[in-house]
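Residue-level structural notes
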Amino acid sequence: MGDFKIHSVTCKAPVNIAVIKYWGKRDTKLILPLNSSVSFTLCTEHLCATTTAAVSPTFKQDQIWLNGEKIENSRLSACLKEIRRRARKRKSVSDNDTDDNIPSEMLNWNVHICSKNNFPTAAGLASSAAGYACLAYCLAKLFKVEGNISDIARLGSGSASRSVFGGAVQWDMGWDSSGSDSIARQLYPHTHWPELKVLILVVTDQQKKVSSFSGMQGSVETSELLQYRIKHCVASRLDAVVNAIGNKDFETLAVNTMKESNQFHAVCLDTYPPISYLNDTSHTIQNLVHSFNKYHQCAKVAYTFDAGPNATLYMLEESVDLFINIVQHYFPPSLSQIGEPFVRGLPVNLIDNIDENLLNLKSIQTTPGAIKYIINTAVGSGPEVVMDPSESLLGEDGLPKQYKESS
Ligand code: DP6
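Summary of the structure given here. Because the structure is predicted, anything quoted here is derived from the model rather than measured. (Residues numbered from 1 in each chain as written. Predicted model: local features only at pLDDT ≥ 70, side-chain atom pairs only at ≥ 80, totals over all residues. Heavy atoms only, no water.)

So, the pattern of salt bridges
- Considering all chains together, one arrives at 12 salt bridges under this definition.
- The closest approach of N and O atoms between Asp 151 and Arg 86, which form a salt bridge, is 2.7 Å. One end of the pair, Asp 151, is in helix 3 (residues 150-156); the other, Arg 86, is in helix 1 (residues 74-93), with 65 residues separating them in the sequence.
- Among the charged side chains, a salt-bridge network with shared partners connects Glu 82, Arg 85, Arg 86 and Asp 151. (Salt bridge = Lys/Arg side-chain N within 4 Å of Asp/Glu carboxyl O. Helix = DSSP H or I, 4+ residues; strand = E, 2+ residues; numbered from the N terminus.)

Structure representation (structure tokens):
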């Protein structure tokens, strides 16, 4: 490496799970959506992407490794191009090589990027959201680009635009054909509603069959329900959800979240050929949530499903222990899962006096092994820089520390 220095930054970015879904693009290149969406960003500690980005005059080309594999990707190039454009613009305004600026020549050096997720990639767990948010955040830190970078993350994956902020986040669809107003903003920080908790019931960690990208294109081209939803449903539901979050009105948030998820999956079925992301276990989880809510005579738990069968459940802290115990009752680990932690993330308390009515729900069939594990988590504060150099994914030579040659 001679005397050349490698400049590198490592960051972590979280997953976000939408309560008002983004499904449909009006511009597939710039990734501009047909409707605005709202999500909660989850805790980085339990679900995150980690990325190291480095620049050096010795790097021969821009290169990226994801989960140990070298990959090529045009969306990544779009993010990189936009970061360099903004860094150049910033340089031309303040043309001095001080500490809060980057050396001019750095803009011409190639970049090495290494990224990994601590959860299954592409299983409907918003891995691309965390991945591209992390990439945009990390490159912004490396090239000292300031301001709202949600539109840079958006160029990688639409939902990633929301993961650059913590708490409750809205991605405004915008109207401009350039995409300049299609950006995300924080509605409330994660401290606004600390009682709000999140469970992810992992039904599968397999790669989804129809990617969000092609699935939503199919819906845009063929689903009449998608057009109806955009014209008549999303705006009022979005207002209801945003007000409910502001007022900490869980009942309204829960009902709207579930109806929104159901409508999104109805749009998928209305797509031709139809797309079905949910499986029997997903439907049983929906039944369980409705039975639980009926028992309590109000909405205590809300489900939402993305482009896969895994369920994300929103609930208040007071319901978490009871609901996890009930899930364990109906979906006990199979023999092959014994020894693996069934509940990951935040700790859970055992409850031994659950009402028999909740344990003998007629509509729910006990299915061992149908849920692989549960992630018990909360709303989080957004992406962060990792200070500990030992956590860098790139070695001093600028190559991944654990490099697996792709065959
Ligand atoms: C169902 O952001 O993965 O999770 O922009 O094509 O990369 P692309 O799609 P992506 O779609 C996410 C869709 C969703 C709903 C949501 O997160 O709003």
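Considerations on the environment of Asp 176
- Relative to the helices and strands, Asp 176 is located in the loop between strand 10 (168-171) and strand 11 (184-188).
- In this structure the C-alpha to C-alpha distance between Asp 176 and Leu 32, which are 144 residues apart in sequence, comes to 9.4 Å.
- Sequence-distant contacts of Asp 176, that is, excluding residues within four places in its chain, are made with Arg 26, Leu 32 and Asp 181.
- At 2.7 Å, the side chain of Asp 176 forms a polar contact with the side chain of Ser 178. (Contact = heavy atoms within 4.5 Å. Polar contact = N/O pair within 3.5 Å; in protein donor to acceptor, adjacent residues only side chain to side chain.)

Points about helix 4 (residues 212-222)
- Turning to helix 4, its buried residues are Gly 215, Met 216, Gln 217, Gly 218 and Ser 219.
- Contact partners of the buried residues in helix 4: strand 3 (25-27), helix 5 (224-232) and helix 7 (250-270). (Buried < 20%, exposed > 50% of the residue type's maximum accessible area, 1.4 Å probe, protein only.)

Observations regarding the site of the ligand
- The environment of the ligand is formed by 18 residues, the closest being Tyr 22, Lys 25, Ser 157, Gly 158 and Ser 159.
- Separating an oxygen atom of the ligand from a side-chain N or O atom of Lys 25 is a distance of 2.6 Å.
- Ser 159 has a polar side-chain atom sitting 2.6 Å from an oxygen atom of the ligand.
- Along the lines of polarity and charge, the residues of the shell around the ligand split into eight nonpolar, five polar and five charged. (Near = heavy atom within 4 Å. Nonpolar A, V, L, I, M, F, W, Y, C, P; charged D, E, K, R; others polar.)

Some words on the environment of Ala 160
- With respect to the helices, strands and loops of the structure, Ala 160 is situated in the loop between helix 3 and strand 10.
- Note: C-alpha distance between Ala 160 and Pro 33 (127 residues apart in sequence) is 13 Å.
- If we ignore the near neighbours within four places in the chain, the residues touching Ala 160 are Ser 128, Ala 129, Tyr 132, Ala 133 and Ala 153.

Quick word on the packing of aromatic side chains
- Counted by the stated rule, this structure contains seven aromatic pairs.
- Joined through ring pairs, the aromatic side chains of Trp 23, Phe 264 and Tyr 277 make up one cluster.
- Against the face of Tyr 373 rests Arg 344, its NZ or CZ located 3.6 Å from the ring centre. (Phe/Tyr/Trp six-rings, centres within 6.5 Å; stacked < 30°, edge-to-face > 60°. Lys NZ or Arg CZ within 6 Å of the ring centre and 35° of its normal.)

Regarding the sheet that holds strand 9 (residues 110-117)
- A sheet is described by the order of its strands in space; here six strands give the open sequence 8-7-9-6-1-17, paired in mixed fashion. Each edge of the open sheet is held by one strand with a lone partner, namely strand 8 (69-71) and strand 17 (384-385).
- For strand 7 (residues 63-66) and strand 8, the ladder comprises three bridges, and the chain directions are antiparallel. The residue bridging Trp 65 from the neighbouring strand is Lys 70, located in strand 8. (Pairing = 2+ DSSP bridges.)

Looking at the side chain of Thr 257
- Here Thr 257 is to be found in helix 7.
- Taking relative accessible area as the criterion, Thr 257 reaches 1% and is therefore assigned buried.

A closer look at helix 9 (residues 317-330)
- Compared with an ideal rise of 1.5 Å per residue, which puts 14 residues at 20 Å, helix 9 spans 21 Å between its outermost C-alpha atoms and is within 8% of the ideal.
- Burial in helix 9 covers these residues: Ser 319, Val 320, Leu 322, Phe 323, Ile 324, Asn 325, Ile 326, Val 327 and Tyr 330. (Expected span 1.5 Å × (residues − 1).)

A look at the packing of helix 5 against helix 6 (residues 234-247)
- At a minimum axis separation of 5 Å, helix 5 and helix 6 run at an interaxial angle of 55°. Between helix 5 and helix 6, the angle is such that the two are oblique. Judged by residue contacts, Arg 229, Ile 230 and His 232 of helix 5 engage Val 234, Ser 236 and Arg 237 from helix 6. (Axes fitted to C-alpha atoms, helices over the stretch in contact; angles between N-to-C directions. Parallel < 35°, antiparallel > 145°, perpendicular 65-115°, else oblique.)

Digging into the nonpolar core
- Phe 143, Ile 285, Leu 313 and Phe 323 are the most contacted members of the largest nonpolar core, which totals 101 residues.
- At 11 residues, helix 2 (residues 127-142) tops the list of elements feeding residues into this core.
- Once residues lying within four places of it in the same chain are set aside, the contact partners of Phe 323 are Leu 199, Leu 288, Val 289, Phe 292, Val 301, Leu 313 and Met 315.
- Tyr 22, Trp 23, Met 216 and Ala 307 belong to the second largest nonpolar core, which has 14 residues in total. (Core = buried A, V, L, I, M, F, W, Y, C linked by side-chain atoms within 4.5 Å.)

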